[in-house]
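Coordinate inspection notes
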Amino acid sequence: MLRITAFTRDDVSQPCPGCGQMSDWTHSRYVRHVADETVGGRPVVIDLSVRRLYCENPACPRTTFVEQADGLTG
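Residues numbered from 1 in each chain as written. Predicted model: local features only at pLDDT ≥ 70, side-chain atom pairs only at ≥ 80, totals over all residues. Heavy atoms only, no water.

Bringing the pairing of strand E4 (residues 26-39) into the picture now. Pairing geometry for E4 and strand E5 (residues 42-54), over 11 bridges, is antiparallel. Within E5, the residue paired with threonine 26 across the bridge is leucine 53. A loop of 2 residues connects E4 with E5, the two strands running antiparallel in sequence, and glycine 40 in this loop sits at a positive phi of about 60°. (Pairing = 2+ DSSP bridges. Helix = DSSP H or I, 4+ residues; strand = E, 2+ residues; numbered from the N terminus.)

See below:
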């Protein structure tokens, strides 16, 4: 098996999916395990550390949200 470890950048704001407000205020981090197709006949797993962010809009019903990595998570 091929294992890739990756981290999202801390200096990039992300839009809240509830209201669209941009935020870079980090609540915490955790690792998502993304399974993908094979490469050269070997299975691939990506260990992706993503941030949980606070929504900075006090009127938004979401207090926190998880950032998404385009092309990897949704």
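If you walk through the whole model with that rule in mind, you get 4 salt bridges. The shortest N-O distance in the salt bridge between arginine 9 and aspartate 11 comes to 2.9 Å. Under the relative-accessibility criterion, arginine 9 is labelled exposed at 53%. Take aspartate 11: its relative accessible area is 55%, and that puts it in the exposed class. Across the pair arginine 29 and aspartate 10 runs a salt bridge, and its minimum N-O distance is 2.7 Å. Here the residue arginine 29 occupies a position in strand E4, and aspartate 10 occupies one in the loop between strand E1 (2-7) and strand E2 (14-15), the gap between them amounting to 19 residues. On the basis of relative accessible area, arginine 29 is assigned to the partly exposed category, the value being 31%. (Salt bridge = Lys/Arg side-chain N within 4 Å of Asp/Glu carboxyl O. Buried < 20%, exposed > 50% of the residue type's maximum accessible area, 1.4 Å probe, protein only.)

Its place among the elements puts arginine 42 in strand E5. On the basis of relative accessible area, arginine 42 is assigned to the partly exposed category, the value being 44%. Note: C-alpha distance between arginine 42 and methionine 1 (41 residues apart in sequence) is 5.4 Å. Setting aside its immediate chain neighbours within four residues, arginine 42 contacts Met1, Leu2 and Glu37. (Contact = heavy atoms within 4.5 Å.)

Okay, the nonpolar core next. Val34, Val44, Ile46, Leu48, Val50, Val66 and Ala69 together form the largest nonpolar core, which totals 7 residues. No other element matches the 4 residues that E5 contributes to this core. Setting aside residues no more than four positions away along its own chain, valine 50 makes contact with Thr8, Ser28, Arg29, Tyr30, Arg32, Val66 and Glu67. Membership of the second largest hydrophobic core comes to 5 residues, among which are Cys16, Leu53, Cys55 and Phe65. (Core = buried A, V, L, I, M, F, W, Y, C linked by side-chain atoms within 4.5 Å.)

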